[in-house]
2 protein chains.
Amino acid sequence: MIKKKHNQNQSKSGSKTRDLYSLASELGLKFNKTSYLETAFIHSSFRNENPEYKEDNERLEFLGDSVLGLVVAKYLYRTNPSASEGELSRQKATLVSTAVLNGLSEKLGLSPFVLLGKGEGQGGAQKKLGANLFESLVGAIYLDQGMEAAEKFILKHLIDYIKTSDKIKEATDYKSTLQEICQKKFKLLPTYRLLKETGPDHEKTFYVSVSIRDKYTAEGKGKNKKFAEQDAAKQLLKVLKIKV
Amino acid sequence: MIKKKHNQNQSKSGSKTRDLYSLASELGLKFNKTSYLETAFIHSSFRNENPEYKEDNERLEFLGDSVLGLVVAKYLYRTNPSASEGELSRQKATLVSTAVLNGLSEKLGLSPFVLLGKGEGQGGAQKKLGANLFESLVGAIYLDQGMEAAEKFILKHLIDYIKTSDKIKEATDYKSTLQEICQKKFKLLPTYRLLKETGPDHEKTFYVSVSIRDKYTAEGKGKNKKFAEQDAAKQLLKVLKIKV
């Protein structure tokens, strides 16, 4: 269990930096160069306001994104020996989705340690903050300790997380799965129809049907059209007896 | 210089397989398990027609894509210590673009060795064939010999190639670069205007202008609107003295 320390809008980074070492230790990480760890938690908005900081975490995030991509690809390749390229790609997209990485980041308690500029962090501006922090931390581990350590860290936390998390369901793209299967088996695309909308404006429920050549059909609902279509696709996959 | 052997529409794979070993040898590759090398050159259309083949190259391509992504990201991170995340991402997108990888694949002479199903390989159906083969070969090297060997192969051929190739120009996205700079410096988007079209229908030339708050402006031309806009963006970047 990771002790969380909530953002106290500190303008100086002193105590956050010290706490960061506790976090790393709780995550089983020991850095040779602690500057990598520190940089992983410097948001560009903080650096903009504090020009004495020479780097923020965006370059580490760029690198970490590719490290994560390879580790997940290798893991899926090895653990799904009979999955097609399409299935592997879909699973990969889910595992590295913002929803999953944000959730994992929250579980690991990363966000409270980030140094943000004043005025950042409110509202929806930082929707990808958690996911980006996970990636910059992975980039830092990779640079500091190499591929093997980064792989170990990712597999330990990500694979453990997806086995227990609901986020994986949110991030699963049933529509794309159905579309691919449809094209392969029936040489056409599934047809979605909006059936009705109920409820007041701020709390609507959308009902959608999906069908394949009027032979297979299913219905779904959700708080917007997209979610309703995803639900309908999921139901139709069940009808077709396809496990996602 | 790699000896090319053109596709002879062989239905059996015997002589192609033997030639494949010469190709590998010319590329400086020695496989422990030659089945990886062979699988890298089996297209799904061939496997569909020859069910005795248990695997095609699509899973290797999935893996190779991520190996390539990390190698290129690491290379760019290391060689561009002052580049922003946005610049690194743009450069990466160019280096792993279909245009660049198709060109590299052609230079290495990979396509003539692929086993295709009958009726494949004509027309535009196989636009990504070369790029996909490079990725599946990278995946095969990675599985057979590990990351270091894959990295060495990619850097040797890809980096050498981009220094001399025109493809890199084709794949450079001037519009995105201009847009990003514009948003950062001027907090607005550049405005594109179609000025005129000349020439007969099958051989039109489009003329486009681009401007930033009517303060900076440039013109470009091309065989379609998209190319003309890219050219205009390129010219305006020159005006702004930004090197891409």
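Small disclaimer: the values here were computed from a predicted structure and weren't measured.

J.: Any chance you could break down the UniProt feature "binding site: Mg(2+)" (unreviewed entry) in chain A for me, citing the residues and the numbers?
T.: All names here are of chain A. Residues annotated in UniProt with the feature "binding site: Mg(2+)" (unreviewed entry) correspond here to E61, N132 and E135. Maximum C-alpha separation among the annotated residues is 6.2 Å over a sequence range of 75 residues, consistent with a single clustered spot. Classification of E61 by relative accessible area gives buried; the value is 15%. On the secondary structure map, E135 appears in helix α7 (residues 129-145).

J.: Could you give an account of the pattern of salt bridges, with specific residues and numbers?
T.: All names here are of chain A. Within this structure, the stated rule accounts for 16 salt bridges over all chains. As a salt-bridge pair, R47 and D56 come within 3.5 Å of each other at their nearest N and O atoms. Of the residues examined, R47 reaches a relative accessible area of 31% and is grouped as partly exposed. Of the residues examined, D56 reaches a relative accessible area of 7% and is grouped as buried. A salt bridge links E229 to K175, with the shortest nitrogen-to-oxygen separation between them at 2.5 Å. Separated by 54 residues along the polypeptide, E229 in helix α11 (residues 225-239) and K175 in helix α10 (residues 174-186) bring together distant segments of the chain.

J.: Before we move on, could you go through the interface of chain A and chain B and cite the residues and values that matter?
T.: Residue-level contacts link 25 residues of chain A with 25 residues of chain B. Where chain A abuts chain B, roughly 2,300 Å² becomes buried across the two surfaces, and 64% of that area is made up of carbon and sulfur atoms. Looking only at chain A, the three residues that lose the most surface to chain B are R59, F62 and Y77 of chain A, adding up to 36% of its buried area. The interface formed by chain A and chain B contains zero salt bridges.

J.: Mind laying out the side chain of R59 of chain B, listing which residues take part and the relevant values?
T.: Among the secondary structure elements, R59 of chain B is positioned in helix α4 (residues 58-79). For R59 of chain B, a relative accessible area of 9% corresponds to the buried category. One polar contact links the side chain of R59 of chain B to the main-chain carbonyl oxygen of N80 of chain A, over a distance of 2.6 Å. Leave out the neighbours within four places in its chain, and R59 of chain B touches Y77, N80, P81, S82, A83, E85 and L88 of chain A.

J.: I'd love a proper account of the packing of aromatic side chains, names of residues and values included.
T.: Evaluation of the coordinates by the stated rule reveals six aromatic pairs over all chains. The interplanar angle of 50 degrees and the centroid separation of 5.7 Å between the aromatic rings of F186 of chain B and Y216 of chain B together place this pair among those described as tilted. Remark: Y216 of chain B occurs in strand β3 (residues 216-222) and F186 of chain B occurs in helix α10 (residues 174-186); sequence separation between them is 30 residues. Accessibility expressed as a relative area gives 17% for F186 of chain B, which makes it buried. Note that K196 of chain A overlies the ring of Y207 of chain A, its terminal NZ or CZ placed 4.7 Å from the centroid. Its end group placed over the ring of Y192 of chain B, K175 of chain B keeps NZ or CZ at 4.9 Å from the ring centre.

About the thresholds
- Residues numbered from 1 in each chain as written.
- Chains lettered and ligands numbered in written order.
- Predicted model: local features only at pLDDT ≥ 70, side-chain atom pairs only at ≥ 80, totals over all residues.
- Heavy atoms only, no water.
- UniProt positions renumbered as here; feature names shortened; annotations may be inferred.
- Buried < 20%, exposed > 50% of the residue type's maximum accessible area, 1.4 Å probe, protein only.
- Helix = DSSP H or I, 4+ residues; strand = E, 2+ residues; numbered from the N terminus.
- Salt bridge = Lys/Arg side-chain N within 4 Å of Asp/Glu carboxyl O.
- Contact = heavy atoms within 4.5 Å.
- Buried area = accessible area lost by both parts, 1.4 Å probe.
- Polar contact = N/O pair within 3.5 Å; in protein donor to acceptor, adjacent residues only side chain to side chain.
- Phe/Tyr/Trp six-rings, centres within 6.5 Å; stacked < 30°, edge-to-face > 60°.
- Lys NZ or Arg CZ within 6 Å of the ring centre and 35° of its normal.

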